[in-house]
Every structure is written in C-alpha cells, then in structure tokens.
Amino acid sequence: MPSQEQLEQADSVSRHVEQSRQQERLEEEEEITTSDLANILNSFGRTQREMVDTIKQLVSTIQATKPSEQPNNEEQREKVSHEESSAIKGSSAAKEPD
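Note that this is a predicted model, so its numbers are computed, not measured. (Residues numbered from 1 in each chain as written. Predicted model: local features only at pLDDT ≥ 70, side-chain atom pairs only at ≥ 80, totals over all residues. Heavy atoms only, no water.)

Within the protein, the regular secondary structure consists of three helices and zero strands. Beginning at the N terminus, the succession of helices and strands in the protein can be written as α-α-α. Relative to its 98 residues, the protein shows a buried fraction of 7%. As displayed, the protein has an accessible area near 8900 Å², and 53% of this comes from carbon and sulfur atoms. (Helix = DSSP H or I, 4+ residues; strand = E, 2+ residues; numbered from the N terminus. Buried < 20%, exposed > 50% of the residue type's maximum accessible area, 1.4 Å probe, protein only. Areas by Shrake-Rupley, 256 points an atom, 1.4 Å probe, with all protein chains shown as cover.)

As structure tokens, then:
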C-alpha cells in the first residue's frame, strides 16, 4: 500500500503533467480563454496550499521528534551547584595574597 507521501507525490506529478499539457495547448492556440485562465490559476492555488500544508507537517514532525531542550531538575541542580562552587573558588582565590 503506497504511503500518503507517495500518493501526494503522484497526485502532484499528474497535476504537473496536466499543467504542461494545458500550457502546450495554449502555446499552440496562442489564445487564452477565461476557462483556461481559471484552470491555471486554480492549479497554482491548489499547489501553493499543498506546499504550505507540507511545510506545516514538516515543522510539526520536527518539533515532535526534537528531544526536550529543557533540563530536568537534576541537571539544573548540578549546573547551579557547579556554578556556585566555581564562584566560591573564584572569590577565595581572589582573597589569597600572591
């Protein structure tokens, strides 16, 4: 069974072929009818909406698979503890004469 992505790609390819055929017909006729123009604009709009939907899906997939960037409580405590001990060492080293 083909995946959703494969189905969408096949649909996109078939629309592209249809647009190419329409373009060839228009070039042969050298006359654009209102119906042809409406069909072309409709195809462009549909393609644009699909691109936006695909980008939204990609962004949500990336966000869903991204590991949490927030440290857990244990990591946060270790970081604070390390920073405090570094600050204490730094201040005591500053008080010692050379």
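Additional details are given in the paragraphs that follow.
The next subject is the pattern of salt bridges. In the structure shown here, the tally under the stated rule is two salt bridges. One salt bridge in this structure joins glutamate 50 and arginine 15, with 2.2 Å as the shortest N-O distance. One end of the pair, glutamate 50, is in helix 2 (residues 34-65); the other, arginine 15, is in helix 1 (residues 4-29), with 35 residues separating them in the sequence. Since its relative accessible area comes to 10%, arginine 15 is described here as buried. Here the salt bridges share partners, and the residues they tie into one network are Asp11, Arg15 and Glu50. (Salt bridge = Lys/Arg side-chain N within 4 Å of Asp/Glu carboxyl O.)

This next bit is on the environment of arginine 25. Following the sequence through the fold, arginine 25 ends up in helix 1. In this structure, the C-alpha to C-alpha distance between arginine 25 and aspartate 36, residues eleven residues apart in sequence, is 9.8 Å.

Below, the discussion takes up helix 2. Between its terminal C-alpha atoms helix 2 stretches 47 Å, which fits the 46 Å expected from 32 residues at 1.5 Å a residue. Of the positions making up helix 2, those classed as buried are Asp36, Ile40, Ser43 and Gly45. (Expected span 1.5 Å × (residues − 1).)

Residues Ile32, Leu37, Leu41 and Phe44 make up a contiguous nonpolar surface patch of roughly 430 Å² in combined accessible area. Locating leucine 37 in the fold gives a position in helix 2. The partly exposed category is assigned to leucine 37, whose relative accessible area is 42%. (Patch = residues over 30% accessible without salt bridge, like charges linked within 9 Å, V, L, I, M, F, W, Y side chains within 5 Å.)

Here the protein shows a mean pLDDT of 76. Residues at 70 or above account for 65%. Confidence, read as mean pLDDT per element, is least for helix 3 (residues 73-95) in the protein (62) and greatest for helix 2 (88). (pLDDT = per-residue confidence, 0-100.)

Another point: the environment of threonine 47. Looking at the secondary structure, you find threonine 47 in helix 2. Here threonine 47 falls in the partly exposed class, since its relative accessible area comes to 27%. When residues no more than four places from it in sequence are discounted, the contact partners of threonine 47 are Arg15 and Gln19. (Contact = heavy atoms within 4.5 Å.)

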